[in-house]
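Close look at the chain arrangement
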Amino acid sequence: MAGEPLGMLSACATGEAIGSGELDGAECLAFWAERAGDETLNAYLWTGPDDGGQRIAGAPVAVKDIFCTEGLPTTAGSRILDGYAPPFDATAVTRLRAAGLPVLGKTNMDEFAMGSSNENSAYGPVLNPWDRTRVPGGSSGGSAAAVAAGAAPWALGTDTGGSIRQPAALCGIVGLKPTYGAVSRFGMIAFASSLDQCGTFGHSVADAAELLSVVEGLDPRDSTSTGIPGGLSRPTASDLEGITVGVPRNFLEVGVEQGVADRFAEALKTVERLGGTIRDIELPHAELGISAYYVIAPAEASTNLSRYDGVRYGLRVPADDLVEMYERTRGEGFGPEVKRRIMLGTYALSSGYYDQYYGTAQKVRTLIVRDFEAAFSEVDLIATPTTPGVAFELGAKTSDPWSMYLNDLFTVPMSLAGIPAISIPAGLAAPPEGGPQLPVGLQLAAPAFAEQALIESAHALEAAIGFDERPEGGGDS
Amino acid sequence: MTEGLPDDLEAVIGLEIHVQLSTETKMFCGCSLSFGDPPNTHTCPVCLAHPGVLPVPNRRAIEYAIQIALALGCEVAPRSIFHRKNYFYPDNPKAYQISQYDVPLASAGELANVRIHRAHLEEDAAKMVHIGESGRIQGSSGSLVDFNRAGTPLVEIVTEPDIRSASEAREWGQLLRETVRQLGVSDVNMEEGSLRCDANVSIRPRGSSELGTKTELKNMNSFRFLEKGITAELDRQAGLVASGERVVQETLHFDPGTGALHPLRSKEEAHDYRYLPEPDLVPLAPDSAMLEEARKSLPELPEAKAKRYRDELGIPEAPAELLSVRAELAGFLEAMLAAEPDLEPRVAANWLTGEFAAELRRKGDPDLSEVPVEAAALASLASMAQAKKISHGTAKDLLTRMVDDGIDPVAVVTEEDLGQLSDSSELEAIVEKVVEENPGPAEEVQAGNEKAIGALVGAVMKETGGRADGGEVNRILRQALGLG
C-alpha cells in the first residue's frame, strides 16, 4: 500500500493488505462506511455497513438494491417493496460474505432495473459525480456513481441490456457483465429472466474481475447457472499480440457523438499500437436488437412483476374487494416506466399477438446470436463505444422513451446473445451542447465464457489508455 | 346404453385428471409435502414467491411423472418445456403457475381403449378459505390463504373424447386411479384432493364424427359424483337440444350436496393466460438411464394383469378385473397359487373375490394385514373344497372362523371330523331315512312340484352336519324319488 491513502488503494490491493496484516479489516470497513454514509449523490438507499461480526478479508462491496439481503431493506428501487426485508440472501451476497467481503450498503437503481438514467427510482435519481446536473446512467447508476465518487471501493450490479456497462461508461469506471449463467440469479430480483446477469464495477479491470471471481459459480438454486468454467485469474497481459478486434462499422454509423467517436477511434489505434489487429465485421441484425429487446424484456417483466400483488409482502393498499386491492396496490406501488413495460409485455404475450411480437423477437434474438457466432469465427473480440453519447442532463430524455432506449443500442445485442462484455474508460469528451469533459466508455465483447481472454485484453488496453481521472470532489462534495 | 339419452344421440366425454404426486418435497422447492398440517407451516421464500427466488425441479417428481406416462403407454418427449401460465389470484403466489404447454412431457397414450392426449407436470396452487356462509369468495367477509399446498407436484392427464357414457367415465376413472395407485406415485385420494377429475361433456347425433359444443364440469370429488354430474349434464344438454336450444360452452361447478350444476361466472373463466416459456428453467430432457429406470420400476398394471388372469390363468372376467384393481387381493391370489400348486386359479379367484371378499365386507373391509388369514391357509381351504374333501358349506363355515379366530382349516377338519361324506352308501341310507320321515314333501315332489325337493335337501344336509356335497345329495334324492 506504500502509504497510499485508503480511498485510492485498489480493491485488490486492499484485500492483499488486509490479508498480510498491513491493514486492519475493521478499520478499512469503518473508513468506507463513513465514505458511503457521507456521499451526497443519492447513490445509496441504505448504508450499514452490515459486518454481522463476520471475518473481514477484503474491501467492502456496494450492492445494488436488486439483490436480496437477509434482514436488510431490499426495494429494487420500487415503492411496492418499501419496507421489505427478505428472509434470505441472494447467492451472490452469500458468496461475498463467505469471501469475507462485507456489504457496505445497498445502492439506488432504476425501479426493477428498468431505465438508463436512474431517474426511474422511486427514491429519487442518482447524480453523476462528474456533473451533478447529469445522470449517472442506469439501471445500476447507484453502484456506478458510488464507485466513481469514491464512496465504495467496488460494487455489484446487474445488466439486462446494458445496466452495468452504460453507467460504468457514463461514470468513468470499469463495468463487467459476464456470460449469462456465470453468476447465480438466485435472490437477484428478476426483471427479464433470460437477460438478467450479475456483474461488477471497479476502478480497474483487475478489481472488476476479482469481484466477479468471488461471485461467479454454478448454483444448484439456479437451473440456468453455469459458473465460468475454469474460473478467473488476475489479468496480466500487457499487449494485444495475436489478438484480432472486430469493429461493426455499419452498426456504429448512426447517432454517435463526435467526442465519443474520437475517443473510440483513438482506442482502436491503441489496440494496433499494442500489436492487435483491427478488422471490420458485420453484425447485420444488431440494429434490430433494441426492438427485440423491448419486446422480450417487457414480456418477461410483465410476468416477473405479477407477484407484487399486495397479498404476501411489500405494499398493500387496502380496498373493498380483491381486484380493487390488486389495482390500487400495483397502481400506487409501481412507477410510470414499470407500468409502461408491464403493459407492453402484457400486450406482447396476449392471445393472438404472441407470435407477432414475442415469437418474432425471439427469432431476431436467434439471428443476433448467429451474427456473433459468425463474427467470432473471424475475430477474438468485438469493440464498440459503450454508449452513443456521454452522460446527458437530468430530465433530458424522460419524456422520450425511445431516445432513452437508444442509450442501450450498443449494449443490448450482447445481452440478447448472452455473451460477456466489459466497458472501460476511453478518456473524456465534451457533450455536444458543450460543458465539462465527461467520461467515454469503450466496450469489448467476447464469445461466451471467454471472460479470461476478455479481461486480459481489457487490462492491457486499460494500461495503455492510462485513464486516471477522477471526478472532482466525488462523493465528498 | 347411455343413461337417459335418446337413441339418436351419443355422449362424447373426455376427462382431465390432476394427480398430486406423493414426493417428499414440493415441485420446485425443498418444502415437505403435507396434508392436514397447520396452515403455512410448509413454506419457504420459493413457494411464497418472494422477490428473486428461482424454481429448481424435483427430480423425483419427474421420475414419477415418467412412470405415469409409461404406464399410460405415452410417448415421453425428449425435450419438454415448462411454461408460465399467468393469472392473478391469491392462491397463485407468483401470479403464474409453472406448467407445460405446447411441448408436454408425455403424449399419445392409451388406457383401456381411451386415448391419452397428453400428460404434463405442473405445480398445485395454495388453498383458500373464504370466511362467510357460502364458503365461496363472493360475499365472503375475508379470505385466508394456506400455502402448504402451493407447489405440490401435479401430473395433469388429458384424455381424448373417447368415453361414451357416464358409467364408462366412472369405470375408466377408477381404472386410472388404480393404475396410478399401483405405481405408488400418488395417494389418489379424491376426498383429500390428491386426485381431481374434471369432465368435458358434449352430445352429438349418433354416428356423427363431429364434436358438439362442450361444457366443462368441475369439482366432482368422487367417481360416483363424476357419474352423477355427467348424467345430469347429458340430460340437460339433451333437453336443450330437444327444445331447439343450443348448448353454450361454459364451465359448470358440481354441487355434491344437491347434485346440481352451477355455471361459474363468465368473469371467472375469461382468462388469457399469456403463456410464456419459463425462462428460469431449462428444457426437461430425461436421459435414457432415467427412462430405463422408470420402465424397470413399473409393476404389472391393472389392464395387463386382468388380461393375463383371463387369458393365461383362465379366471373369469369379473373376478379377473376385480383382482386387477385390488393389488392386495391380487398379491394374495399369487401367494395362494404358489402355496397350493394344484389349486385351480379360477377356484382360488372365486374364493377370494366371492366368499372371502364377503367376509372382509362383514368385517368392514379392513386391511388384509389386519385379518388373521394367511394366503396359504385360504389356499388349503380352497384346495379341500376343490377336491371335495369338504363340502362348500363346511368350507364357508370354516372361512368365517378363519377370519374371526384365525383357525387352521386343515387341523380343524381333522379334529372335528368335518370331512365330506364320500361313502355314497352312507348318504343313501340318510336319504332313505329322510324321505321316510318327510312323506309330505316327498309326495309333492313325486306329484310334479320339483321345488319341494329343497326341503328334503335341507333335511339331509342337517342330518349330515353339512358334510355332504349338495350336488350329490340332489342326485341321490332324485334317484330315490324316482325322478331319475
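Residues numbered from 1 in each chain as written. Chains lettered and ligands numbered in written order. Predicted model: local features only at pLDDT ≥ 70, side-chain atom pairs only at ≥ 80, totals over all residues.

**Remarks on the overall build of chain B**
Along its length, chain B carries 16 helices and 14 strands. Relative to a compact globule of 484 residues, whose C-alpha radius of gyration would be 23 Å, chain B shows 29 Å and is clearly more extended. The buried share among the 484 residues of chain B stands at 43%. Within chain B, contacts between residues separated by at least 24 positions form 70% of all contacts whose residues are at least 6 apart in sequence. (Helix = DSSP H or I, 4+ residues; strand = E, 2+ residues; numbered from the N terminus. Rg over C-alpha atoms; globule rule 2.2 N^0.38 Å. Buried ≥ 20, exposed ≤ 12 C-beta atoms within 10 Å, placed from the backbone. Contact = placed C-beta atoms within 7 Å.)

**So, the overall build of chain A**
Summing up its helical and strand segments, chain A has 14 helices and 11 strands in all. Relative to the compact-globule value of 23 Å for 477 residues, chain A shows a C-alpha radius of gyration of 21 Å, a close match. If you line up chain A on its principal axes, its C-alpha atoms span 70 × 55 × 45 Å. Out of the 477 residues in chain A, the part that is buried amounts to 62%. In chain A, 76% of the contacts between residues at least 6 apart in sequence involve partners at least 24 apart.

**Side note on the interface of chain B and chain A**
A common way to report how large an interface is uses the accessible area buried once the components associate. Counting residues at the interface gives 24 residues for chain B and 34 residues for chain A. Considered class by class, the residues forming the side of chain B that touches chain A number 16 nonpolar, 3 polar and 5 charged. (Nonpolar A, V, L, I, M, F, W, Y, C, P; charged D, E, K, R; others polar.)

**Some details on the sheet that holds strand E1 (residues 9–20) of chain B**
All names here are of chain B. Read from one edge to the other, the open sheet built from 9 strands follows the order E2-E5-E6-E9-E1-E10-E11-E12-E13, with strand pairing classed as mixed. Every other strand in the sheet has two partners, leaving strand E2 (75–76) and strand E13 (260–263) as the edge strands with one partner each. Relative to strand E9 (residues 153–159), strand E6 (residues 114–123) is paired through 7 bridges, and the arrangement is antiparallel. Looking across to E9, one finds that Leu 121 is bridged to Val 155. Contacts from helix H1 (residues 59–71) reach E1, E2, strand E5 (106–111), E6 and E9, with the element oriented near 175° to E6. (Pairing = 2+ DSSP bridges. Axes fitted to C-alpha atoms, helices over the stretch in contact; angles between N-to-C directions.)

**Describing unusual backbone geometry**
Residue and element names in this part refer to chain A. Ser 139 follows Gly 138 through a cis peptide bond whose omega is 5°. Take Ser 139: it is sitting in the loop between strand E3 (103–107) and helix H4 (141–148). Not every positive phi belongs to a glycine, and Asn 42 is a case in point at roughly 65°. Within the secondary structure, Asn 42 is located in the loop between helix H2 (25–38) and strand E1 (44–50). Judged by the 19 C-beta atoms lying within 10 Å of it, Asn 42 falls in the partly exposed class. Despite not being glycine, Asn 118 shows a phi value in the positive range, around 65°. Within the secondary structure layout, Asn 118 lies in the loop between E3 and H4. By C-beta crowding, Asn 118 is classed as buried, having 34 other C-beta atoms within 10 Å.

**Section: the sheet that holds strand E11 (residues 438–445) of chain A**
Sheet strands line up and pair through hydrogen bonds in the backbone, either parallel or antiparallel. Residues and elements named next belong to chain A. Strand order in the open sheet formed by 11 strands is E1-E3-E2-E4-E6-E5-E10-E11-E9-E7-E8, with mixed pairing between adjacent strands. The open sheet is flanked by E1 and strand E8 (277–280), the only strands paired with a single partner. Averaged over all pairs of adjacent strands, the angle between strand axes in this sheet comes to 25°, irrespective of strand direction. Looking at chain direction, strand E5 (residues 174–177) and strand E6 (residues 197–202) are connected through 3 bridges and run antiparallel. Looking at E6, one finds that Leu 176 is bridged to Thr 200. The strands that H2 touches are E1, strand E2 (61–64) and E3; relative to E1, the one it contacts most, it runs at about 160°.

**Notes on the packing of helix H9 (residues 345–362) of chain B against helix H10 (residues 375–386) of chain B**
Residue and element names in this part refer to chain B. For the pair H9 and H10, the least separation of the axes is 10 Å and the interaxial angle reads 110°. Relative to H10, the element H9 lies roughly perpendicular. For the pair H9 and H10, the sense of crossing is right-handed. In contact with Val 347, Ala 348, Trp 351 and Phe 356 of H9, H10 contributes Leu 378, Ala 379, Ala 382 and Gln 386. Classifying every residue of the contact of H9 with H10 gives 7 nonpolar, 1 polar and no charged. (Parallel < 35°, antiparallel > 145°, perpendicular 65-115°, else oblique. Left-handed = near helix turned anticlockwise from the far one by under 90°.)

**Observations concerning the domain arrangement of chain B**
Partitioning chain B into structural domains gives domain 1 (9–295), domain 2 (300–415) and domain 3 (424–480). Placing the centre of domain 1 of chain B and that of domain 3 of chain B at their C-alpha centroids yields a distance of 63 Å. (Domains from an automatic or database assignment.)

**What to know about the nonpolar core**
In this structure, Val 61 and Ala 146 of chain A together with Ile 68 and Ala 69 of chain B are the most contacted members of the largest nonpolar core, which totals 228 residues. Every residue in contact with Ala 146 of chain A, bar those within four places of it in the chain, is listed here: Ala 36, Glu 39, Ala 43, Tyr 44, Ala 62, Thr 107, Ala 151, Ala 152 and Ala 155 of chain A. Of all hydrophobic cores here, the second largest spans 33 residues; its members include Ala 306, Leu 329, Leu 343 and Val 403 of chain B. (Core = buried A, V, L, I, M, F, W, Y, C linked by C-beta atoms within 7 Å.)

**Focus: the packing of helix H8 (residues 327–339) of chain B against H9 of chain B**
Residue and element names in this part refer to chain B. The contact between H8 and H9 brings their axes to 10 Å, and the two run at 140°. Between H8 and H9, the angle falls in the class oblique. Note on packing geometry: the crossing formed by H8 with H9 is right-handed. Only Pro 345, Ala 348, Ala 349 and Leu 352 of H9 make contact with H8, whose side of the interface consists of Leu 329, Phe 332, Leu 333, Met 336 and Leu 337. Of the residues contributing to the contact of H8 with H9, the split by class is 9 nonpolar, no polar and no charged.

**Section: the environment of Glu 16 of chain A**
Residues and elements named next belong to chain A. Here Glu 16 is to be found in helix H1 (residues 11–20). On the basis of neighbour counts, which here come to 15 C-beta atoms within 10 Å, the residue Glu 16 falls in the partly exposed class. In sequence terms Glu 16 and Gly 137 are 121 residues apart; their C-alpha atoms lie 31 Å from each other.

**Things to note about H8 of chain B**
All names here are of chain B. In this model, H8 (13 residues) spans 18 Å end to end at C-alpha, consistent with the 18 Å of a helix rising 1.5 Å per residue. Along H8, the residues classified as buried are Leu 329, Ala 330, Phe 332, Leu 333 and Met 336. Buried residues of H8, viewed axially, fall in a sector of 155°; they line one side. Pointing more than 90 degrees away from the buried face of H8 are the exposed residues Glu 328 and Ala 338. Tucked inside the fold, the buried residues of H8 contact helix H6 (302–311), helix H7 (317–325), H9 and H10. (Expected span 1.5 Å × (residues − 1). Arc of directions from axis to C-beta.)

**A short note on helix H9 (residues 322–333) of chain A**
It helps to recall that an α-helix has 3.6 residues per turn; residues three or four apart then point in one direction. All names here are of chain A. Here H9 spans 16 Å end to end across 12 residues, near enough to the 16 Å set by a 1.5 Å rise per residue. Among the residues of H9, Tyr 326, Thr 329, Arg 330 and Gly 333 are the ones counted as buried. The arc that holds the buried residues of H9, viewed along the axis, is 90°, so those residues lie on one side. Structural note: H9 exposes Val 323 and Gly 331 on the side pointing more than 90 degrees away from its buried face.

**Focus: the environment of Pro 439 of chain B**
Residues and elements named next belong to chain B. Take Pro 439: it is sitting in helix H14 (residues 439–446). For Pro 439, a count of 9 C-beta atoms within 10 Å gives the class exposed. As for Pro 439 and Leu 456, which are separated by 17 residues in sequence, their C-alpha atoms are 9.9 Å apart.

**A look at the pairing of strand E10 (residues 195–205) of chain B**
All names here are of chain B. With 8 of 11 residues buried, E10 is to be regarded as a mostly interior element. As judged from the 11 bridges shared by E1 and E10, these two strands associate in the antiparallel manner. For Ala 11, the partnering residue across the bridge sits in E10 and is Ile 203. As paired elements, E10 and strand E11 (residues 215–220) share 4 bridges and run antiparallel to each other.

**Remarks on the confidence of the model for chain B**
Taken residue by residue, chain B gives an average pLDDT of 88. The fraction at 70 or more is 96%. Prediction confidence for the complex, expressed as pTM and ipTM, is 0.87 and 0.95 respectively. (pLDDT = per-residue confidence, 0-100.)

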